[in-house]
Amino acid sequence: MAEARYAPQTAMVKFTMILVGVVLILMMTFGLIMRLNQSGMIEIDPILFYEILTAHGAGMVGTAGLTGAAIMWYFMGRYVPLVGAVYAIFLGLFLLGVVLILGAIFVGGYAGAWTFLYPLPAMSGGLWSGGAAAIFLLGYISIGVGFLLMHLEVGRQLIRAYGGVGGALAWPLIFGKGKPEDAPPASVIAAMASTIFNVLGIVVGAAVLVASIVNLLVPGFAVNALLAKNMIYIFGHIFINAAIYMAVIAVYEIVPEYTGKPWRASRVFAISWSVILLFVVIIYPHHLLQDVAMPAWALVMGQIISYLSGIPLLAVTAFSLLVYLRAGPVKWDLASALLVLGVAGWTVGVVPAVLDGMIMVNRVMHNTQWVPGHFHIYLLLGVVAMGFGFMAWLVRDARTAGFGTLDRLGVGVFLTGGAGFTLMFLISGAMSIPRRWADHAPEWQPQAVIASGFAVLTILGALLIVVLYLRGLTARKRA
Amino acid sequence: MQMTVLAISLVVMALISLVFIGAIRSGGRAQAPGSVERRRLALILAMLAVGIVVTIASLRPWPQAVAMTADTPTINVTGGQWYWEIDNTELPQGVPVIFNAHTEDVTHGFGVMNDVGRLLFQVQVMPGYVNQVQYVFDTPGEYTVVCLEYCGVAHHAMITDFTVVTNQGGDDNG
């Protein structure tokens, strides 16, 4: 662990992780309801199904972002003096956004999915009003403004402390002008890169959100649908990737406490983060491989960058973690187990994602259940696992030392449920079962039955881990 | 195609999982730092080499190529909330068919499945654009059209079908 100079704002971050835990369980339950409906074991109205689908998508993406933000804020608080009021405003705007989004969905009936694909918010077929869609989009804007303020504060302080953007990204080390021991901590480099690309993504997102709201108010104001789609996927892709890249800071900061070896910012590490910064911004056309109106070069770039993005993850973060584990010994407990699971889940999930990023594969896999298959692996077994690991680490002083029975049960049930649940998505995708369908044909229902069973296990495992966190918050510190 | 992709995914995912399990179970055997950096570089170079080969092999011929001649059958497909209209529902077997897909309202996804429910191809259908996709149906029979881009509350009910008929005059390669 690099030397900490300041005290992180622990109370606000601990409160954030309570919200994360509660919302995750609720959103996982929404996911279970959808799978149960697809299995035929329960029957809900398609209108309600698509409302739940919209809430699940927006809720999970938002919660993943909140998890990453809390982790980044906490650990940057060790190195730079962050203004706590900014985090309080960020959290306030986030909660305001949640209220607006939930109101738009469950009171206003908005069911245009979290991707608000233009012009669907304005053309509901009579199912929701323009007002409900506008409130949903305003909810996003509220959350986006909060993230922007949070990132600007982190970015401002890192730039000041490390001699500019280049200094915080360890560019002197990259260009052979500095020594590794003088480079910023690994987590500072990750935070600076994540801050830059998430700010870019949020600004593009804000532009398309405002354009969509104007379109709702003044239907004559039309937007080019392909341009709007490009902007939505720049925003969506960057935002969810920022969540993962911010969450991995927990691995860089916490794992060294268990191995006794600092996570060094080597030259390869610094190069890989600058490459990630570029790749995350230009990779998004891999979401538009079936939009044949796109320039061919953009689609080829989407395929190639999609593959290349796996290299920094595999050869730097995953590889280094494996080296630390082999060089051990590692002190295993709930936190270290979940953080290692997080990196493993992220790495494994990239495999089906990269294959889907190939144009010839995408032609028969896009918008089948293959897609939720791969992103659930690196979100559920990646970001969520890292977030849970961070939660367990936050209350480590109030918990029994070591890897207790309940800890093992929590990780085991969560991993078994998550692996089975995501595997059923992949198998279903390979069998051409579409994603985002309320009704499933009888021959598709057995897959949903099995997935529902694994979803129950996932929720039970997650519930146990969240309860252990809450118990840790209220317990006394170990002597 | 789909089952091959699933098999490749499962094998590579299993290998990565085994590497993690191996590292966790190793219990911390020390390694020489020099060999670590050499192996990291080897991994990067190997991934780059595989990437170059796979990229070239998968993009040539261009997967979305549309080659139109004067006698290429061209089918107009219209998507709307929540229906499909196809101007010719009897398509020839064994020759390239071009679909011109456009929408009356929001974005839809024009996906075609064969009689055992296997997705053969798809293309996005977007306001303001006519998106073209080409396919050769090798087998006569019933084909199902589904919507593969979420388009509102009856998205899952946007289903229709067409028939591919034996091309008596041409080669039967089905």
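Calculation notes
Residues numbered from 1 in each chain as written. Chains lettered and ligands numbered in written order. Predicted model: local features only at pLDDT ≥ 70, side-chain atom pairs only at ≥ 80, totals over all residues. Heavy atoms only, no water. Helix = DSSP H or I, 4+ residues; strand = E, 2+ residues; numbered from the N terminus. Rg over C-alpha atoms; globule rule 2.2 N^0.38 Å. Buried < 20%, exposed > 50% of the residue type's maximum accessible area, 1.4 Å probe, protein only. Contact = heavy atoms within 4.5 Å. Salt bridge = Lys/Arg side-chain N within 4 Å of Asp/Glu carboxyl O. pLDDT = per-residue confidence, 0-100. Expected span 1.5 Å × (residues − 1). Core = buried A, V, L, I, M, F, W, Y, C linked by side-chain atoms within 4.5 Å. Disulfide = S-S within 2.5 Å. Buried area = accessible area lost by both parts, 1.4 Å probe. Polar contact = N/O pair within 3.5 Å; in protein donor to acceptor, adjacent residues only side chain to side chain. Nonpolar A, V, L, I, M, F, W, Y, C, P; charged D, E, K, R; others polar. Pairing = 2+ DSSP bridges. Axes fitted to C-alpha atoms, helices over the stretch in contact; angles between N-to-C directions. Phe/Tyr/Trp six-rings, centres within 6.5 Å; stacked < 30°, edge-to-face > 60°. Lys NZ or Arg CZ within 6 Å of the ring centre and 35° of its normal.

### Side note on the overall build of chain B
Piece 1. The secondary structure content of chain B amounts to 2 helices and 9 strands.
Piece 2. Here the C-alpha radius of gyration of chain B, 23 Å, is well above what a compact globule of 174 residues would show, namely 16 Å.
Piece 3. Dimensions along the principal axes, computed over C-alpha positions, put chain B at roughly 70 × 45 × 30 Å.
Piece 4. Within chain B, the proportion of its 174 residues that are buried is 42%.
Piece 5. Within chain B, contacts between residues at least 6 apart in sequence are counted, and of these 62% link residues at least 24 apart.

### Brief notes about the pattern of salt bridges
Piece 1. According to the stated counting rule, one finds 5 salt bridges over all chains in the structure shown.
Piece 2. Of the charged contacts, one joins Arg-156 of chain A and Glu-153 of chain A as a salt bridge, the two residues approaching to 2.8 Å between their closest N and O atoms. On the criterion of helical spacing, the pair formed by Arg-156 of chain A and Glu-153 of chain A is a turn pair, its members being 3 residues apart in helix H4 (residues 130–162).
Piece 3. Residue Arg-156 of chain A is classed as partly exposed on the basis of its relative accessible area, which comes to 40%.
Piece 4. Across the salt bridge formed by Glu-37 of chain B and Arg-40 of chain B, the nearest N and O atoms sit 3.1 Å from each other. Of this pair, Glu-37 of chain B and Arg-40 of chain B both sit in helix H2 (residues 33–59), 3 residues apart, which is roughly one turn of the helix.
Piece 5. By relative accessible area, which is 8% here, Arg-40 of chain B ends up buried.

### Things to note about the confidence of the model for chain B
Residues and elements named next belong to chain B.
Piece 1. In the predicted model, chain B carries a mean pLDDT of 92, and the fraction of residues at 70 or more is 92%.
Piece 2. Contacts from residues 170–174, a stretch scored under 50 in pLDDT, to residues over four places away or in other chains number 7 contacts.
Piece 3. Taken together, the chains of this predicted complex give a pTM of 0.95 and an interface ipTM of 0.94.

### Some details on helix H7 (residues 186–217) of chain A
Piece 1. Here H7 of chain A spans 46 Å end to end across 32 residues, near enough to the 46 Å set by a 1.5 Å rise per residue.
Piece 2. For H7 of chain A, the buried fraction is high: 23 of the 32 residues fall into the buried class.

### Section: the nonpolar core
Piece 1. Grouped together as the largest cluster of nonpolar side chains are 221 residues, with contacts concentrated most on Met-76, Phe-390 and Phe-414 of chain A together with Phe-99, Phe-110 and Phe-137 of chain B.
Piece 2. Look past the residues within four positions of Phe-390 of chain A in its chain and what remains in contact with it is Val-13, Met-17, Ala-70, Ile-71, Tyr-74, Phe-75, Ala-250, Ile-254 and Leu-339 of chain A.
Piece 3. Of all hydrophobic cores here, the second largest spans 7 residues; its members include Trp-437 of chain A together with Met-113, Val-146 and Leu-148 of chain B.

### Things to note about the state of the cysteines
Piece 1. In this structure the tally under the stated criterion is 0 disulfides over all chains.
Piece 2. Of the cysteine sulfurs around Cys-147 of chain B, a residue in no disulfide, the closest is that of Cys-151 of chain B, at 3.9 Å.

### Side note on the interface of chain B and chain A
Piece 1. Taken together, the contact pairs 73 residues of chain B with 82 residues of chain A.
Piece 2. Carbon and sulfur atoms make up 71% of the area that chain B and chain A hide from each other, which totals about 6600 Å².
Piece 3. For the chain B face of the interface with chain A, the top three residues by lost area are Phe-20, Tyr-150 and His-156 of chain B, together amounting to 12%.
Piece 4. Between the two partners, chain B and chain A, sit 22 residue pairs in polar contact (both at pLDDT 80 or more).
Piece 5. Every element with two or more residues in the side of chain B that touches chain A is listed here: helix H1 (2–25), H2, strand E6 (119–125), strand E7 (131–136) and strand E8 (141–147) of chain B.
Piece 6. Examining the composition of the side of chain B that touches chain A, we find that 16 residues originate from one element, H1 of chain B, more than from any other.
Piece 7. Within the side of chain B that touches chain A, the residues separate by chemical class into 43 nonpolar, 23 polar and 7 charged.

### Focus: the sheet that holds E8 of chain B
All names here are of chain B.
Piece 1. Strand order in the open sheet formed by 5 strands is E3-E9-E8-E5-E6, and the pairing between neighbours is mixed. Because the sheet does not close on itself, it has two edges, and the strands there are strand E3 (90–92) and E6. On average, adjacent strands in this sheet sit at an angle of 30° to one another, irrespective of strand direction.
Piece 2. When E8 meets strand E9 (residues 160–165), the two strands line up antiparallel, connected through 5 bridges. Bridge pairing in E9 links Val-145 to Thr-160.

### Here we look at the packing of aromatic side chains
Piece 1. The final tally for this structure, using the stated rule, is 44 aromatic pairs over all chains.
Piece 2. Ring geometry for Phe-99 of chain B versus Phe-137 of chain B: centroids 6.3 Å apart, planes at 85°, classification edge-to-face. Of this pair, Phe-99 of chain B sits in strand E4 (residues 96–103) while Phe-137 of chain B sits in the loop between E7 and E8, and the two are 38 residues apart along the sequence. Comparing Phe-99 of chain B with Phe-137 of chain B shows no difference in burial state: the two are buried.
Piece 3. Three or more aromatic residues joined by ring pairs make a cluster, and in this case those are Trp-73, Tyr-87, Phe-90, Phe-94, Tyr-110, Phe-116, Trp-128, Phe-136, Tyr-140, Phe-147, Phe-235 and Phe-239 of chain A.
Piece 4. Here the basic side chain of Arg-396 of chain A rests over the ring of Trp-393 of chain A, its NZ or CZ set 3.9 Å away from the ring centre.

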